[in-house]
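Residue-level structure breakdown
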Amino acid sequence: MAENTFYKRRKKQVIITIQRVEYEEKSILRNLLELYQYDFSEYDPEDVNKNGLYEYKFLDHYWTEEGRHPFFIRVNANLAGFAFVRELGLNEDNQTIYSMAEFFVMKKYRNLKVGQYVSQELFNMFSGFWKVAQIEANKPSQAFWRKIIARYTNNKYKDIREDDWEGPIQTFSTVSR
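Read on for an overview of the structure. All figures in this text were calculated on a predicted structure; none of them were measured in a lab. (Residues numbered from 1 in each chain as written. Predicted model: local features only at pLDDT ≥ 70, side-chain atom pairs only at ≥ 80, totals over all residues. Heavy atoms only, no water.)

Turning our eyes to something else, we now look at the environment of Thr 153. Relative to the assigned elements, Thr 153 resides in helix H4 (residues 139-153). Spatially, the C-alpha atom of Thr 153 lies 33 Å from that of Tyr 23, the residues being 130 residues apart in sequence. Within the structure, the side chain of Thr 153 is placed 3.0 Å from the backbone nitrogen of Lys 156, a separation counted as a polar contact. (Helix = DSSP H or I, 4+ residues; strand = E, 2+ residues; numbered from the N terminus. Polar contact = N/O pair within 3.5 Å; in protein donor to acceptor, adjacent residues only side chain to side chain.)

Moving on, we come to the layout of surface pockets. Looking at the largest pocket, its volume works out to about 1,600 Å³. The wall of the largest pocket is formed by 50 residues, among which Tyr 36, Phe 40, Ala 101, Glu 102 and Phe 103 lie closest to the centre. Contributing elements (two or more residues each) for the lining of the largest pocket: helix H1 (26-40), strand S4 (78-90), strand S5 (96-105), helix H3 (114-125), strand S6 (129-133) and H4. By residue class, the composition of the lining of the largest pocket is 24 nonpolar, 9 polar and 17 charged. As a volume, the second largest pocket reaches approximately 170 Å³. What lines the second largest pocket is simply Arg 30, Asn 31, Glu 34, Leu 53, Glu 55, Tyr 56, Lys 57, Leu 59 and Asp 60. Its residues assigned to classes, the lining of the second largest pocket comprises 3 nonpolar, 1 polar and 5 charged. (1 Å grid on protein atoms, 1.4 Å probe; cavity = no way out; pocket = protein on both sides within 12 Å on 5 of 7 lines; lining within 4 Å. Points joined across faces, edges and corners; volume = space filled by probe spheres on them. Nonpolar A, V, L, I, M, F, W, Y, C, P; charged D, E, K, R; others polar.)

Moving on to unusual backbone geometry. Trans is the common state for peptide bonds, and a negative phi is the common state for residues other than glycine. If you check the backbone angles, Lys 113 has positive phi at about 65 degrees while not being a glycine. One can find Lys 113 in the loop between S5 and H3. Of note in this structure, Asn 155 is not a glycine but carries a positive phi near 65 degrees. Of note, Asn 155 is situated in the loop between H4 and strand S7 (158-160). Assessed through its relative accessible area of 56%, Asn 155 is described here as exposed. (Buried < 20%, exposed > 50% of the residue type's maximum accessible area, 1.4 Å probe, protein only.)

Under the 1.5 Å per step criterion, the end-to-end length of H1 is 20 Å for 15 residues, consistent within 8% with the ideal 21 Å. Those residues of H1 not exposed but buried are Lys 26, Leu 29, Leu 32, Leu 33, Glu 34, Tyr 36, Gln 37 and Asp 39. Summarising the contacts, the buried residues of H1 are in contact with helix H2 (61-64), strand S3 (68-75), S4 and S5. (Expected span 1.5 Å × (residues − 1). Contact = heavy atoms within 4.5 Å.)

The structure is reproduced here in structure tokens:
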């Protein structure tokens, strides 16, 4: 479990932790996914189902498929979000390709730099080649990831497009860090 401490102006201690989600905690993660998908609904045309839920169709895959890694994000031990990391295979340099499949920090924690800390810790935990994609309509996400990745890589990343994705993708390697 990764952990870090930040200090706010009021000298209040903020402890950020990244915790792997165990199968027994899947229902908690499912609840957070509903908040995430609601928050994301202004960019995604998907509607809720007849039960009023979004239902993330890949949730079970994080415990049934190799190369999927679900994490809770906590602030002072409180649930604050989650991150999903996926392994996509190997590139031509035999590096594992990782994707930030989903990333969510609740609004009340965003001004504490939680997203910055957690993303950088995950990049460090999974050494390889990274692809971080955003949908075209989500301009705030694009700005966030470009800023985080530029800072993390010292501007040594590429902004690319791929035929099977509608939006920008930042690519970079963590191997040489």
